[in-house]
Amino acid sequence: MALSATSDGPIPDTWQNIVRPLLLRPSSDNALLIWTHVRAHVIAPVVDAAVVLCMVMSFMLLLEAMFMSAVSLYVVLFRRTPEKRYEWEAMGGDAEKGGSDYPLVLVQIPMYNEKEVYHLSIRAACALTWPPDRIIIQILDDSTDPLVKNLVKVECEEWAKKGINIKYEVRSNRKGYKAGALKKGMEHHYAQQCDFVAIFDADFQPDSDFLLKTIPFLVHNPEIALVQTRWDFVNYSASMMTRIQKMSLDYHFKVEQESGSTTFSFFGFNGTAGVWRISAINEAGGWQDRTTVEDMDLAVRATLKGWKFLYVGDIRVKSELPSTLKAYRNQQHRWTCGAVYLFRKMGWDIVINKEVSLLKKIHVLYSFFFVRRVIAPIVTFCFYCVVIPISVLIPEVDIPVWGLVYIPTTITILNAIRNPSSLHLMPFWILFENVMAMHRMKAAMVGLLGTSSVNQWVVTEKKGQLIRDKADLEVPLLEPAPTKCSERVYVLELGLAVFLILCATYNIIFGNNHYNVYIYFQAVAFTIVGFGFIGAPNPTS
């Protein structure tokens, strides 16, 4: 039976090219033909669009990485140390006897149920070399565990008996979490008399000369609001996960913080191991608890007031890396979600600001927030864990080799240049970072949408003395999982592992490329994480 055009116009192409041939074929061939046509005319264009979008985002990420690495290498090759860029002169007089040459310094240590590490930071702070009459140690204890609270109080009393000017402060509630504690601490009359404030988390242990090395930058350079130092890690060799964390954080400090400090005198305050000019904090509006990244919030507001920041990588402060996968995931969620949510809240304020240059505003909005906090987690997960695997199912989709190989290889090389001692761990770093990108992307979406969990705060668990007790033991790279099943199995990771295995297997049977090699390795990474065989076991109750 012939079909003719109706009065409404000619027969659509969809009918001529897809539906009519199906009606004329045997029913046994229809399913395959339907899939072929739907794949070519519906799914392939969508995947092609995703590939193009990922290529654009990957190129943005590459340019940002190349720029930061170039600045970082310039600093190293030409020895552009902080002392060459800013005035620095050792404090005069005797640090033990003191004198008017030494400014009044407040040392704040916020803590919450830090049973394993509270004594480490208190001991290190009390050992800081500075005139006794020109330093105040302030312990901000938000602990809800009566036993921990009593331990911290007794520790402070013991140091007070030794002549240390130490204050133990508690609040009636935990409103604002860390930001609330820091803000309340600054309201005390003795804190308002201080010129500078050094901030350390409970697991951080500064060397005794920390203030002697950092304070001169603030004293001799009135335009500097913040001196940030580098983190060092006492437990980086505990497992494969802590080694990978160290690689990522070393890159963050050596490249991101160094380049920001050198080019625009701006970077995100890391929340600890830094010294602030108190007048700059006050001018910026003080501590605010509207996000879970109160440190970054203050830094952005201060830079919009025209203040400069300085990163000093030669000064290192010992600290502890999250040793369990659960703790690391919680930390990464808080950092990623909070940063993106801050971008959402402050984006327009940055645009209309009149006190900083247009170039600096572009740097803060585009480089600091959009590319590093939004684009990076999205493209890492979507491209390497979703688009590439799906493309093996759609032969009509072609991913350009420069986006598939050259861009990630270049970014990896740039990272390896600043982490030469960890070159042998690069493959593991790539695979694990792709797994973590799933959680970072989820956190970024929560921050962008501003959902009810956007300000969820979970304190990163510390091991403290447990790490030192096991320091002489040989620790395997892959730790045994805890016995409690709910703490051992991560369903999302295992679901992605199954998806990747299916894609890789399909690629072996029907594909004409070798994507299956990478996809199988990535599936193994998701499986290892999914069964909790990385990091230390979660404590079970």
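Note: the structure precedes this text.
As the structure is a computational prediction, the values presented were derived from the model and not from experiment. (Residues numbered from 1 in each chain as written. Predicted model: local features only at pLDDT ≥ 70, side-chain atom pairs only at ≥ 80, totals over all residues. Heavy atoms only, no water.)

S.K.: Can you help me understand the packing of helix α18 (residues 491–510) against helix α19 (residues 515–530) in this one?
M.R.: Between two packed helices, both the angle of their axes relative to each other and the distance between the axes serve to describe the pair. In the contact formed by α18 and α19, the axes pass within 8 Å of each other and the chain directions differ by 160°. Considering their axes alone, α18 and α19 lie roughly antiparallel with respect to each other. Here the hand of the crossing between α18 and α19 comes out left-handed. For the pair α18 and α19, contact is made by Glu-493, Leu-494, Leu-496, Ala-497, Leu-500, Ile-501, Ala-504, Thr-505, Asn-507 and Ile-508 and by Tyr-515, Asn-516, Ile-519, Tyr-520, Gln-522, Ala-523, Phe-526, Thr-527, Val-529 and Gly-530, respectively. When grouped by side-chain class, the residues that make up the contact of α18 with α19 number 13 nonpolar, six polar and one charged. (Axes fitted to C-alpha atoms, helices over the stretch in contact; angles between N-to-C directions. Helix = DSSP H or I, 4+ residues; strand = E, 2+ residues; numbered from the N terminus. Parallel < 35°, antiparallel > 145°, perpendicular 65-115°, else oblique. Left-handed = near helix turned anticlockwise from the far one by under 90°. Contact = heavy atoms within 4.5 Å. Nonpolar A, V, L, I, M, F, W, Y, C, P; charged D, E, K, R; others polar.)

S.K.: Just to check I follow, could you spell out the side chain of Gln-522 for this structure?
M.R.: Within the fold, Gln-522 resides in helix α19. Of the polar contacts made by the side chain of Gln-522, one reaches the side chain of Asn-434; its length is 2.8 Å. (Polar contact = N/O pair within 3.5 Å; in protein donor to acceptor, adjacent residues only side chain to side chain.)

S.K.: Help me understand the nonpolar core, please; the structure alone is not making it clear to me.
M.R.: The tendency in soluble globular proteins is for nonpolar side chains to be buried as a group. Membership of the largest hydrophobic core comes to 144 residues, with the highest contact counts inside it found for Val-107, Ile-122, Trp-276, Val-300, Phe-309 and Phe-383. Sort the elements by how many residues they give to this core and helix α13 (residues 358–391) lands first, with 15 residues. Other than its neighbours up to four places away in sequence, Trp-276 contacts Asp-195, Phe-196, Val-197, Ile-199, Ala-225, Leu-226, Phe-269, Ile-281, Leu-298, Ala-299, Ala-302 and Phe-309. (Core = buried A, V, L, I, M, F, W, Y, C linked by side-chain atoms within 4.5 Å. Buried < 20%, exposed > 50% of the residue type's maximum accessible area, 1.4 Å probe, protein only.)

S.K.: What is the right way to read the pairing of strand β6 (residues 274–277) from this model?
M.R.: Two faces make up the sheet, and in a regular strand the side chains alternate between them. Because side chains alternate across β6, one face comprises the buried residues Gly-274 and Trp-276, and the other comprises Val-275 and Arg-277, equally buried. Where strand β4 (residues 196–199) lies against β6, four bridges are found, and the strand directions are antiparallel. Paired with Ala-198 across the bridge in β6 is Val-275. Where strand β5 (residues 224–233) lies against β6, three bridges are found, and the strand directions are antiparallel. Each residue of the ladder has a partner; that of Leu-226, found in β6, is Trp-276. (Pairing = 2+ DSSP bridges.)

S.K.: Help me out: how do you make sense of the packing of aromatic side chains in this one?
M.R.: Aromatic ring pairs are defined here through the distance separating the ring centres and the angle between the ring planes. Scanning the model with the defined rule gives 19 aromatic pairs in all. Ring centres of Trp-276 and Phe-309 lie 5.7 Å apart, and the angle between their planes is 70°; this geometry places the pair in the edge-to-face category. Within this pair, whereas Trp-276 is found in strand β6, its partner Phe-309 is found in strand β7 (residues 308–319), the two being separated by 33 residues in sequence. According to the relative accessible area criterion, Trp-276 is buried, its value standing at 0%. Take Phe-309: its relative accessible area is 0%, and that puts it in the buried class. Directly above the ring of Tyr-190 sits Lys-167, whose terminal nitrogen or CZ lies 5.4 Å from the centroid. Between Lys-246 and the ring centre of Tyr-236, over which it is positioned, the NZ or CZ distance is 5.4 Å. (Phe/Tyr/Trp six-rings, centres within 6.5 Å; stacked < 30°, edge-to-face > 60°. Lys NZ or Arg CZ within 6 Å of the ring centre and 35° of its normal.)

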